[in-house]
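What the coordinates show
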Amino acid sequence: MDVPLSWYLVVAAALFCIGLAGALSRRNAIAVLMGVELMLNAVNVNLLAFWRHVEVVKATLSGQAFAIIVITVAAAEAAVGLALAIALYRTRRTVDVEDVDLMKL
Amino acid sequence: MTETFFNLTWLIPLFPLAAFAIIVLWTNRHRLLSTWIAWIGIGLAWILGWIVFFQAWGGFEELTPPTHKYPVPLFSIPTGTTSLNLGFQVDTLTGVMLFMVPFVCLMIFIYSKGYMNYGTKDVDPRYSRFFAYISLFACGMLGLVVSDNFLTLFVFWEIMGLCSYLLIGFWFDKTYPDPKRITPKEAGLKAFLTTRVGDVIMLAGMLLLYSQVGSLTFSDVFSQETLEQLAHTYAWGNVPWATFIALLFFGGAVGKSAQFPLHVWLPDAMEGPTPVSALIHAATMVSAGVYLVARSFPLFVAVEGGSQLAVVAFIGAFTAIFSSTIAVAQNDIKRVLAYSTISQLGYMIAALGIGAYVAAVFHLITHAFFKALLFMGSGSVIHGVEHGHHHSHHHATGPEGHEEEGEFDANDMMNMGGLLRRMPVTGWTFIVGALALTGIFPWAGFWSKDEILADAWKTFQEGGHFGVTANWGFFVWLLLTIAAFLTAFYTGRQIFLTFAGKPRTAAAEHAPESVPSMTWPLVILAAFATLLGLAGTPWANQFFEMIGESAVILGERLAHGEFNLVIALVSSGVALAGWVVAWLIYGFRPLTVPVDPLRRPLGPIYTLLENKYYFDEIYQAGIVRPAIRLAQACYTFDDKVVIDPIVDGVGRFGRWLSDWLRRAVDNPIVDGAVNGVGRVTTWFGEFMRATQTGKVQNYLLVAAVTVFLLVALYVFRTYLPDWLSALGLG
Amino acid sequence: MTVSQVVFILLSIAALGGALGVVFARNLFRAALALVLSFVGVAGFYVLLEAEFLAMVQILVYVGAIAILIIFAIMLSRRMMSSETQPWNEQWVGAVVVAAALFAALVFILSRVDWPATEAQVPADSISQLGQALVSPDFYVLPFEVASVLLLVALVGAVIIAREQ
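Residues numbered from 1 in each chain as written. Chains lettered and ligands numbered in written order. Predicted model: local features only at pLDDT ≥ 70, side-chain atom pairs only at ≥ 80, totals over all residues. Heavy atoms only, no water.

**Regarding the overall build of chain B**
Formally: Each helix is a run of H or I in the DSSP string that is no shorter than four residues. Each strand is a run of E no shorter than two, and both are numbered from the N terminus. Between buried and exposed lies partly exposed: a residue is buried under 20% and exposed over 50% of the maximum accessible area for its type, with that area taken using a 1.4 Å probe on protein chains only. Any two residues having at least one pair of non-hydrogen atoms within 4.5 Å are treated as being in contact. Accessible areas in this description were obtained via Shrake-Rupley with a 1.4 Å probe; residue shielding takes into account the shown protein chains only.
Across its full length, chain B holds 31 helices and four strands. Counting the 730 residues in chain B, one finds 56% classified as buried. Excluding contacts between residues fewer than 6 apart, the proportion of contacts in chain B whose partners are at least 24 apart in sequence is 79%. Accessible surface computed for chain B: about 30,000 Å², of which carbon and sulfur atoms make up 67%.

See the structure below:
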């Protein structure tokens, strides 16, 4: 392989940390969701990189299967998350997560 | 031929589960249909259960370890590198549980129809829901019994916990005029949270077991090699894994079987409907703890003479005597039975603690029958007194007068008396149950209790199996014999207060006998309570042959619990003495006023017993209230928004630290220390406030910081030596 | 430097640049477009890793479905697109510091490990193998079925949550 495993891991780590920063610092609920999606993508890059460089020797496919499951979960999470954002916008006229602290009493 | 029915064992829990699903999804508006569906569900489970039991009875050689074929894996689902193995198993212990559980369940299901006032205008508004819940419960208990691994056992165990919570709090809208009296809602919560303590301990045991063995299937865990390995590897110091895990499992059993010190939930569980008390809190669920210890018994005896058996024996014997003293001073007819249940479960646990495996299981089975009988009898009494109360009230003050409603306590034995004439079937069956409970020859309790006492005495005389020392045998024998006296005394007291003499209230005078759907189960259970002991008589101990011969533990066949005439005479004499004393105090001159004649001579001791040694108060003051106060402190401080909890908290800590240092230097040490304690509290409160912003991103940031700290910890642990050596320090 | 290394660097620029755009764009719509760029870059990684099927799934699911869904959600709550309010909350400094520190720690660990390099080839029929493994009782049929149930539940849940009362 021309591209070593560590390159992928570094890029994935960067992608994960950028997504984390987004999820922690954006006020808009939809933007927070986008940050979470970035983090999930970083995980998938890791899974596939390890699959290609380590697991392929054993000729099994756990990495790919895991990645597919992660994508499924991400799709489900995006659907429910965006539905929540829309419901929130409809009832409270805001999608700012800072304003959503009803649990605090 | 036999294999076909054993292979169907896994179907048994599915019948009640199907009944639950059908009632909840489709028929919950139709009461009669729901009743029949629940009955059919448990009825099918009962028939199949008994078929399996009788086949096991007839041919238990097939189930005996060297050749047994029945753990049967149902699913083995690979999940990556491990796989999820679920299955069922039949052995003789499962067999006898399948004899007891579905039958007692069926009796109680039938009884419930009358108890929940089917067909009258008083019918419970949540009638169908009740049958759905008890069906789900039956599924939980049957599933627990047929599981072949700790994982599904735990799942069913928790299903039962959930049902117990739902059913104790079944009348969740009920309130009492006395604010100190526990309401069903609170009682349900209390039961759930108290048993949760045990469940968490048990879960920890399961996790450790899995980490050590790599499997939770009984046949893997209890194999000779695994047990040897667990007995000779050490958790720390010289505590072997087997001892440690066994004690954690015992923690789960203590919670579920209401043993000291987690016994406090069971008496309050009596707030639920009486069939629930009979089903869950006397016959089946509470015995799941004993079943767990019996099931994992090989683990308990893997280490010869380990401390785990001593703990089990001590807790069991202590609980037996401790709760029977409380029962002496209770006036609520169901609470007396609740403490009696705790005490009898203590007998079983103590028997397991001295290695008397067969005797414990035998007592488990007989106890289930007669205690279910007693509870259902008490329910019938309460039901009758309630009706009598309505009746007499109606006549006395006319239809409008309901002002007294709610103050009359139909559970209070002081409001009863003379009921034998009003309710003959209930009364006589109750007396049969009482004779069985107190161990009077030839009722069932005599044989099972006597076997425990004989085994304890034999341990004292000859030393026990599995390295149990003789002293434990004597300890257990002594405490259980005293408890047998107390059992007879409080049971006699209960009988004389309830059924003998003259009615002390108008309600008792007008109490009608219950409907046939309630009395028939009583009669049938009374027959079992009378005859069941014959399965385990010393001359033809078929029960022993079935359980003892097949439950080969560590290659050691359990020795036959020999009949000891002296011990039998002693325990019978003690029980008779208890009855006689009860008769002298309560029966000879029946009470006319609702005051216990023991209250005056016993004085403060009576008050202590009446208040159950103040355990509820101690737990309230020691655990519940501090937790609430901490939560309230956090909540009170929680009204100001803090921008950055971490920075703020660290800053505050720094300020507090420098403050404290200045004081410690400047002022006398004591003053500084006193202020320091106050400041720690304040700082802690403020810090807790700071973390409670209610903003999800703050919480996430804390989580991210934690992740970073964990990664950093890993880096330092791994690379710090390298760095130090690079700097020439290592 | 080989061709694939150059391609990798270009893809990294796309993926990380897109990601930075997601976090730092004031306009939410532009952030969503940057997200698409980032997803496409990740799909490129999958092609480089010879996981072509996953690359197509990435394009179809992420770019085709999730990103479009996000853009729809943005347009349905249109007032929020305006950049009058501050798009970042008060703890953004802390967030960036923690993320950077985590990245530094991860890179440090990555640099200390001797990662394996393999010359093994991906089997030619890996896609059909993957398809069989996903529905084979010996491999992943349980997670696969659970995932499909999850999708169904999420579908029903999303409809119920987002429905007008």
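Continuing now.
**Looking at a nonpolar patch on the surface**
Residues and elements named next belong to chain C. Which entries qualify depends on this criterion: To count toward a patch, a residue needs a relative accessible area over 30% and no salt bridge; like charges are then connected within 9 Å, while nonpolar side chains (Val, Leu, Ile, Met, Phe, Trp, Tyr) are connected within 5 Å. In the sections that follow, a salt bridge refers to a side-chain nitrogen of Lys or Arg positioned within 4 Å of a carboxyl oxygen of Asp or Glu.
A surface patch of nonpolar side chains, amounting to about 520 Å² of accessible area, comprises Leu20, Phe24, Trp92, Val93, Val96 and Val97. Residue assignment for the nonpolar patch shows that the elements contributing at least two residues are helix H1 (3-24) and helix H4 (92-112). Examining the composition of the nonpolar patch, we find that four residues originate from one element, H4, more than from any other. Examined against the element boundaries, Leu20 turns out to sit in helix H1. Looking at Leu20, the relative accessible area reads 38%, which means it is partly exposed.

**Regarding the packing of aromatic side chains**
Threshold: Pairing of aromatic rings covers Phe, Tyr and Trp, the last counted by its six-membered ring, and requires centre-to-centre distances within 6.5 Å; plane angles under 30 degrees mean stacked, over 60 mean edge-to-face, and any other angle means tilted.
Here the structure, examined in full by the defined rule, presents 49 aromatic pairs over all chains. Relative to Phe8 of chain C, the ring of Tyr8 of chain A has its centre 4.8 Å away and its plane inclined at 80°; by these criteria the two rings are edge-to-face. Taken together, the residues Tyr8 of chain A in helix H1 (residues 5-25) and Phe8 of chain C in helix H1 connect one chain to another. Each member of the pair, Tyr8 of chain A as well as Phe8 of chain C, carries the same accessibility label: buried. Measuring from ring centre to ring centre gives 4.9 Å for Phe446 of chain B and Trp447 of chain B, while their planes differ by 80°; the resulting arrangement is edge-to-face.

**A word on the side chain of Ser572 of chain B**
Test applied: As used in this structure description, the phrase polar contact means that two N or O atoms lie within 3.5 Å; if the pair is within protein, one of them must be able to donate a hydrogen and the other to accept it, and residues adjacent in sequence are counted only when both atoms belong to side chains.
Along the chain, Ser572 of chain B turns up in helix H25 (residues 565-587). Here Ala568 of chain B takes part through its backbone oxygen, which lies 2.9 Å from a polar atom of the side chain of Ser572 of chain B.

**Quick look at the nonpolar core**
Nonpolar side chains in soluble globular proteins tend to end up buried together. For clarity, the threshold we go by: We call a set of buried Ala, Val, Leu, Ile, Met, Phe, Trp, Tyr and Cys residues a nonpolar core when their side-chain atoms join them within 4.5 Å.
Counting 219 residues, the largest nonpolar core has Phe150 and Phe369 of chain B as the members making the most contacts within it. Ranked by residues supplied to this core, first place goes to helix H17 (residues 357-397) of chain B with 19 residues. Leaving out residues up to four positions away in the same chain, Phe369 of chain B has contacts with Phe99, Met100, Phe103, Val104, Leu525, Phe528 and Leu532 of chain B. Ranked by size, the runner-up nonpolar core spans 65 residues in total, among them Leu9, Leu15 and Ile71 of chain A together with Leu134 of chain C.

**Re the pattern of salt bridges**
All names here are of chain B. Under the definition given, this model contains eight salt bridges over all chains. The shortest N-O distance in the salt bridge between Arg126 and Asp173 comes to 3.3 Å. Separated by 47 residues along the polypeptide, Arg126 in the loop between helix H4 (92-115) and helix H5 (127-146) and Asp173 in the loop between helix H6 (150-168) and helix H7 (184-213) bring together distant segments of the chain. Across the salt bridge formed by Asp199 and Arg196, the nearest N and O atoms sit 3.3 Å from each other. Of this pair, Asp199 and Arg196 both sit in helix H7, three residues apart, which is roughly one turn of the helix. With relative accessibility at 2%, the residue Asp199 sits in the buried group. The network of salt bridges with shared partners includes Lys190, Asp268, Glu271, Asp332 and Arg335.

**Quick notes on unusual backbone geometry**
Residue and element names in this part refer to chain B. Residue Pro261 is bonded to the preceding Phe260 through a cis peptide linkage, with omega at 0°. A positive phi angle, near 50°, is found at Ala258, a position not held by glycine. With respect to the secondary-structure elements, Ala258 resides in the loop between helix H10 (241-256) and helix H11 (265-268). A relative accessible area of 0% means that Ala258 is categorised as buried.

**What to know about the interface of chain C and chain A**
Just so we agree on the cut-off: Once two parts are put together, the accessible area they lose, assessed with a 1.4 Å probe and summed over both, is termed the buried area. Gly is put with the polar residues, along with every residue not named as nonpolar or charged; the nonpolar set is Ala, Val, Leu, Ile, Met, Phe, Trp, Tyr, Cys and Pro, and the charged set is Asp, Glu, Lys and Arg.
If you look at the interface, chain C gives 82 residues, while chain A gives 70 residues. A buried area of about 7,000 Å², summed over both sides, lies between chain C and chain A, and 76% of it is on carbon and sulfur atoms. When the buried area of chain C at its contact with chain A is split by residue, Phe8, Leu49 and Tyr62 of chain C rank highest and sum to 9% of it. In this structure, the connection of chain C to chain A is made through one salt bridge. The closest approach of N and O atoms between Arg52 of chain A and Glu50 of chain C, which form a salt bridge, is 3.0 Å. Between chain C and chain A we count 10 residue pairs in polar contact (both at pLDDT 80 or more) in total. Of all the secondary structure elements, the ones that give two or more residues to the side of chain C that touches chain A are H1, helix H2 (28-48), helix H3 (52-76), H4, helix H5 (126-135) and helix H6 (141-162) of chain C. The class makeup of the residues in the side of chain C that touches chain A is 60 nonpolar, 14 polar and eight charged.

**Observations concerning the environment of Tyr357 of chain B**
Looking at the secondary structure, you find Tyr357 of chain B in helix H17. For the pair formed by Tyr357 of chain B and Thr341 of chain B, sequence separation is 16 residues and the distance between their alpha carbons is 19 Å.

**Side note on the confidence of the model for chain C**
Our working definition: The pLDDT value tells you how sure the predictor is about a given residue, anywhere from 0 up to 100.
Averaged over all residues, the pLDDT of chain C is 87; the fraction at 70 or higher stands at 95%. Here the prediction assigns the complex a pTM of 0.70, and the interface score ipTM is 0.90.

**Let's talk about H1 of chain C**
Every α-helix carries 3.6 residues per turn, so stepping three or four residues along brings you back to the same face. Inclusion rule: Expected span of a helix: the number of residues minus one, times 1.5 Å.
The terminal C-alpha atoms of H1 of chain C lie 31 Å apart, and with 22 residues this matches the ideal 32 Å at 1.5 Å per residue to within 8%. Among all positions of H1 of chain C, only Ser4, Gln5, Phe8, Leu11, Ser12, Ala14, Ala15, Gly18, Ala19, Val22 and Val23 of chain C are buried. On its buried side, H1 of chain C packs onto H1 and helix H2 (29-53) of chain A together with H2 of chain C.

**Regarding the packing of helix H2 (residues 14-27) of chain B against H5 of chain B**
Residue and element names in this part refer to chain B. Put simply, the test is: Axis angles are defined between N-to-C directions and span 0 to 180 degrees, where every axis is a line fitted to C-alpha atoms and, for a helix, only to the segment in contact. Small angles under 35 degrees read as roughly parallel and large ones over 145 as roughly antiparallel, with 65 to 115 read as roughly perpendicular and the rest as oblique. A crossing counts as left-handed when the near helix is turned anticlockwise from the far one by less than a right angle, and as right-handed when that turn is clockwise.
Here H2 crosses H5 at 155°, and the two axes come no closer than 7 Å. As judged from the angle between their axes, H2 and H5 are roughly antiparallel. Classified by chirality, the crossing of H5 by H2 is left-handed. Residue-level contacts link Pro16, Leu17, Ala19, Phe20, Ile23, Val24 and Thr27 of H2 to Ser128, Phe131, Ala132, Ser135, Leu136, Ala138, Cys139 and Leu142 of H5. Of the residues belonging to the contact of H2 with H5, the class tally is 12 nonpolar, three polar and no charged.

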